[in-house]
Amino acid sequence: MGRLPAVHEHMNRLIEILLGLDRGFLSREGDFSFAFNPQWPFSETVGATVWNTLLVLVGVAIVWFAYNHEGRSRRVKVGLGLFRTALVLLTIALLNRPVLTLTQSRVEPSVLAVLIDDSLSMRIKDVAAGESVTARIDAVAELLNGQNAKLLHDLAKVHQLHFYRFDADATAIELGTDRTLPAIEPQGQKTQVTTAVRTVLRDLQGQRLAGVVVLTDGRDMPQQSIASAIDDVKDFGVGVYPVPVGSDQPLRNIEMQQVTANDAVFAKDIASIRATVRVTGPGAQPVTVRLKDKATGQPVLDPAGKPIEQTITPADDQPQEVELLMRPDEPGELNLIVEADAQAGEIDAADNAREIQMAVLDAKINVLYVEGYPRWDYRYLKTEMMRDRTVNISCLLTSADPTFAQEGDRPITRFPQTPEELADYDVVLFGDVDPREFSDSQLQLVADFVSRKGGGFAMTAGPRFSPQAWKGTPIEAILPVDVTRTQAEDWGIGGATIAEGFRPVLTKEGQASPLFRFFADRAENEKFLKDGWQPIFWYVRGIVAKSGVGETLAEHPSEVGPDGHRAPLIVSGRYGAGRTIFNAIDESWRWRYYTGESIFDTYWVQELRLLARSRKLGQRKITLAAQKPVYDLGQQVRLIVRVIDPQLQSQLPEQIRVQLMDAQGQVVAQPTLLKQEGGETLLASFPADRVGRFTVKLPSVAPGVDELTLPLVVAVPRLELATPQVDRTTLARLASETGGQVIDLADARERLPQIPSAERLVPLLSSQPLWDAPIILTLFAVLITMEWVGRKMFGMV
């Protein structure tokens, strides 16, 4: 019995040789059939049967005619005629192209694509899971991997499964070794459902697609043209089966959108911290915003021992501004958190807080005040600054008699002549003074003091010299205003009395500046600035803020300058490492009326501190900052190190590594700072690739230089969470227009396996022609030979 298969195999091979078939052709699985495949002329019209009938009749007629006239016995003629007829019929059969065909079938499997939304909105916890709620992405994982991945096993019985993750586009993913879906961390910054579906359809084009299952919240961000996008998907003729994940109701959230504060304040000063808070969604309760110490996590207390906080009532999803005021006691570094209390049901509690860092500077400021003559501003300013405990002032009245004893906390007799002498001061203040009182080298000292040492410089206009007489001097370059169009005749020296005064109007920048903060209560301060402070009667005309340098803080309420904008009255700016201010008025002393020294003193102390800030910060020799305190996930973080000390600039290497630490203090990256041309700046850039609060640490770069730290926040992009509720309308339209169905998440485990299979059996035909088979040629040769031999035997040749 064991030899029968071998015998059968040899018999098949013999038949294959005789029929001229490929080796193993008869051993293949399938059905064999024999057929003719004639290709006669005009066979489409007359048909093959007509041709074959005609050929048979003609062939038989030729045989009959050929043998009917032979002179032999009837028996011989019939026998030889039969051979000739068989030969003719064989030839006609071969002309009909005999073919042996093997029919097999191939299965084209059904393919099902499964797309999983991995955008940031899938982190939202709004999917009911028993008595609690779970994140959307966790609900998807439970659906696919739950119950020992039963749903995946059920789908795999019917379809070949292809998995993709998507946000703006789709990317293929593979199942794990245990045939379950790997963990997905939602990181995508924007969602484009139809774009992702179109990508998958193109990827699987040519296969038997049963459908595309999309597990998503369906919210396209940024929104695109739905009609055209769906039309592109419809062209593939494949049904889309969206499974909405999440709630379609407006969701509650409290977002700390922005926090602004001065990067440096002076000890004992009031520091204003402004926060913009947006409360969205139904059922939001009043929100308390408080200031906390990052190191201890405890609320920061005011002088009365109460937490510094403010409560707001949500207002129609509109951003609201909160101001928190604190008074730091000691110099140093403050790391603070502005935090809004979380409420139940928030979609993202991580955006409730923002960190800020603030340098608290030594309040003692050394000021050099140079005035040309004892005008009213000089008299009051000199007296008030001598009374102020935080200011050490040295006054130099250039018009005074040589025997006059110059006034101030630190009396002097002449203007400094060396950088070392000028370095004793933080701020240099020029009044209406004649530039001819100084040598060129002394004026250059002032310019270098500001640009290189971070010193502060201010000029107060006057009717005699400032600023018109300073054109062409090193001081002109320092000023934040262009003085080239100021003219002496515009100033009205000795002219008519000005009877009508005006109150300066603050610009947006002026309102944000601490320069004009006279009262802790904001509303009270705004009312005073509008109606309370005394009018001014004179200002210098013809000045404009330098483009890209000067920032106008206060301007004239009605008159305009040479550039067509409102005439500037108080302009701040930067020059190199230092700060500058130009006061176009000389009557701030009028602000003492009805307020005593309070307003006048506050204004000037705050101006001097604003000017001294860079100088005080410069004592640290080096600063660390980020281009902005908060970055969206995926953006490029830019770190900036400024080296203020010229000697330190030459000592630093070309590259310095900093450490990026997470909230647990673990180092997650070590970006490299690269020294820029000139050596004053080092820059680093790296991607914000994870959400959270981080600290950048710059180690000590030289002896005597402290280690620096900087808080950094990487936040969820607001685009994804602006309207995070499920967009069922768009998903339903996508399903309807592609022939699919929307399947609820709760029903998905039962309904997804019901998606019809697209499997198809495809017949495969393998044909072998027989007209040139060895057995046919042999038969043809035998027939023609036998006829020839017979004719030879009977003398018919």
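Residues numbered from 1 in each chain as written. Predicted model: local features only at pLDDT ≥ 70, side-chain atom pairs only at ≥ 80, totals over all residues. Heavy atoms only, no water.

Interhelical geometry of helix H4 (residues 74–95) versus helix H19 (residues 774–793) gives an angle of 155 degrees and a closest axis separation of 9 Å. It follows that H4 is roughly antiparallel to H19 by the angle criterion. Handedness of the crossing formed by H4 with H19: left-handed. Judged by residue contacts, Leu-80, Phe-83, Arg-84, Ala-86, Leu-87, Leu-90, Thr-91 and Leu-94 of H4 engage Ile-776, Leu-779, Phe-780, Leu-783, Ile-784, Met-786, Glu-787, Gly-790 and Arg-791 from H19. Each residue belonging to the contact of H4 with H19 can be placed in one class, and the counts come to 12 nonpolar, 2 polar and 3 charged. (Axes fitted to C-alpha atoms, helices over the stretch in contact; angles between N-to-C directions. Helix = DSSP H or I, 4+ residues; strand = E, 2+ residues; numbered from the N terminus. Parallel < 35°, antiparallel > 145°, perpendicular 65-115°, else oblique. Left-handed = near helix turned anticlockwise from the far one by under 90°. Contact = heavy atoms within 4.5 Å. Nonpolar A, V, L, I, M, F, W, Y, C, P; charged D, E, K, R; others polar.)

With that out of the way, let us pick up the nonpolar core. In terms of nonpolar packing, the biggest core is built from 47 residues, with Met-385, Phe-516, Phe-518, Ile-570 and Tyr-603 touching the most fellow members. Here this core takes 10 residues from helix H14 (residues 598–618), the largest share from any one element. Every residue in contact with Tyr-603, bar those within four places of it in the chain, is listed here: Leu-515, Phe-516, Phe-518, Ile-570, Asn-583 and Trp-591. Ranked by size, the runner-up nonpolar core spans 33 residues in total, among them Leu-652, Leu-682, Phe-686 and Phe-694. (Core = buried A, V, L, I, M, F, W, Y, C linked by side-chain atoms within 4.5 Å. Buried < 20%, exposed > 50% of the residue type's maximum accessible area, 1.4 Å probe, protein only.)

What follows deals with the sheet that holds strand E38 (residues 760–769). Taken together, 3 strands build an open sheet; the order of strands is E1-E2-E38 and the sheet is antiparallel. For this open sheet the edge positions go to strand E1 (31–36) and E38, each flanked by a neighbour on one side alone. On average, each strand axis in the sheet is tilted by 30 degrees relative to the strand beside it, whichever way the strands run. In terms of strand pairing, E1 meets strand E2 (residues 98–108) through 6 bridges, oriented antiparallel. Residue pairing across strands places Phe-36 opposite Pro-98, the latter belonging to E2. (Pairing = 2+ DSSP bridges.)

Applying the stated rule across the entire model yields 34 salt bridges. Two residues, Arg-760 and Glu-108, come together in a salt bridge whose shortest N-O distance is 3.2 Å. In this pair, Arg-760 sits in strand E38 while Glu-108 sits in strand E2, placing the two residues 652 residues apart along the sequence. Here Glu-108 falls in the buried class, since its relative accessible area comes to 17%. Among the ionic pairs, Arg-609 bridges to Asp-269, the shortest N-O distance being 1.9 Å. Here the residue Arg-609 occupies a position in helix H14, and Asp-269 occupies one in the loop between strand E11 (264–266) and strand E12 (271–280), the gap between them amounting to 340 residues. Taken together, the shared-partner salt bridges connect Asp-126, Arg-136 and Asp-217 into one network. (Salt bridge = Lys/Arg side-chain N within 4 Å of Asp/Glu carboxyl O.)

This paragraph deals with unusual backbone geometry. With an omega of 5 degrees, the peptide bond between Ser-466 and Pro-467 qualifies as cis. With respect to the element layout, Pro-467 can be found in the loop between strand E21 (456–460) and helix H11 (474–478). Of note, the phi angle at Arg-97 is positive, near 55 degrees, even though the residue is not glycine. Positionally, Arg-97 belongs in the loop between H4 and E2. Overall, Arg-97 belongs to the partly exposed group, its relative accessible area being 41%. Non-glycine residue Ala-149 carries a positive phi angle of around 60 degrees.

A large share of strand E13 (residues 287–293) lies buried, amounting to 6 of its 7 residues. The sheet contact formed by E13 and strand E14 (residues 309–312) spans 4 bridges and is antiparallel. By the bridge assignment, Val-287 is partnered in E14 with Ile-312. For E13 and strand E16 (residues 332–340), the ladder comprises 5 bridges, and the chain directions are antiparallel. Paired with Asp-293 across the strands is Leu-336, a residue of E16.

Tallied over the entire structure, the rule returns 2 cavities of 30 Å³ or more. Here the largest cavity is characterised by a volume of approximately 40 Å³. Residue lining of the largest cavity: Asp-377, Thr-460, Ile-570, Asn-583, Ile-585, Asp-586, Glu-587, Ser-588, Trp-591, Tyr-603 and Trp-604, and that is the complete set. Each residue belonging to the lining of the largest cavity can be placed in one class, and the counts come to 5 nonpolar, 3 polar and 3 charged. Empty space within the second largest cavity amounts to approximately 30 Å³. Lining the second largest cavity, in full, are Tyr-369, Asp-377, Leu-381, Leu-429, Phe-430, Gly-431, Thr-460 and Trp-604. Those elements that provide at least two residues to the lining of the second largest cavity are helix H8 (376–387) and strand E20 (427–430). Classifying every residue of the lining of the second largest cavity gives 5 nonpolar, 2 polar and 1 charged. (1 Å grid on protein atoms, 1.4 Å probe; cavity = no way out; pocket = protein on both sides within 12 Å on 5 of 7 lines; lining within 4 Å. Points joined across faces, edges and corners; volume = space filled by probe spheres on them.)

This brings us to H19. Taking 1.5 Å of rise per residue, 20 residues should cover 28 Å, and H19 covers 28 Å from first to last C-alpha, within 8% of that figure. Listed in full, the buried residues belonging to H19 are Ile-776, Leu-783, Glu-787, Gly-790 and Arg-791. In a view along the axis of H19, the buried residues occupy a sector of 105 degrees, so they form one face of it. Of the exposed residues in H19, those oriented more than 90 degrees away from the buried face are Leu-777, Lys-792 and Met-793. Packed against the buried residues of H19 are helix H3 (48–68) and H4. One or two positions beyond H19, positive phi appears at Gly-795, with a value near 70 degrees. (Expected span 1.5 Å × (residues − 1). Arc of directions from axis to C-beta.)

Let's shift gears to helix H17 (residues 728–738). Within the sequence span of H17, burial applies to Thr-730, Leu-731, Leu-734, Ala-735 and Thr-738. For H17, the buried positions fall inside an angular range of 135 degrees around the axis, keeping them on one side. Facing away from the buried side of H17 by more than 90 degrees, the exposed set consists of Thr-729 and Ser-736. A positive phi of about 85 degrees marks Gly-739, the residue just after H17.

As for its placement among the helices and strands, Asp-727 is situated in the loop between helix H16 (718–721) and H17. The contacts of Asp-727, once residues within four sequence positions are left out, are Asp-217, Gly-218 and Arg-219.

Let's shift gears to the environment of Thr-738. Summarising the element assignment, Thr-738 is placed in helix H17. In this structure the C-alpha to C-alpha distance between Thr-738 and Asp-235, which are 503 residues apart in sequence, comes to 8.7 Å. Leave out the neighbours within four places in its chain, and Thr-738 touches Val-233, Lys-234, Val-238, Gly-239 and Val-240. From its side chain, Thr-738 meets the backbone nitrogen of Val-240 in a polar contact 3.1 Å long. Separated by 3.3 Å, the side chain of Thr-738 and the backbone oxygen of Ala-735 make a polar contact. (Polar contact = N/O pair within 3.5 Å; in protein donor to acceptor, adjacent residues only side chain to side chain.)

Taken in spatial order, the 5 strands line up as E11-E17-E16-E13-E14 in an open sheet, and their pairing is mixed. Each edge of the sheet is formed by a strand with only one pairing partner; in this case those strands are E11 and E14. Strand after strand, the sheet turns through a mean of 30 degrees between neighbouring axes, direction not considered. Of the pairings in the sheet, the one linking E16 to strand E17 (residues 353–361) comprises 8 bridges and is antiparallel in character. When the bridges of E17 are listed, Asn-335 appears paired with Gln-357.

It is worth spelling out the confidence of the model for the protein chain at this point. Confidence in the prediction of the protein chain, expressed as mean pLDDT, is 86, and 96% of residues score 70 or more. Averaged pLDDT values for the elements of the protein chain fall to 68 in H16 and rise to 97 in E20. Confidence drops under a pLDDT of 50 for residues 489–495, and excluding neighbours within four residues, the segment shows 11 contacts in the predicted structure. (pLDDT = per-residue confidence, 0-100.)

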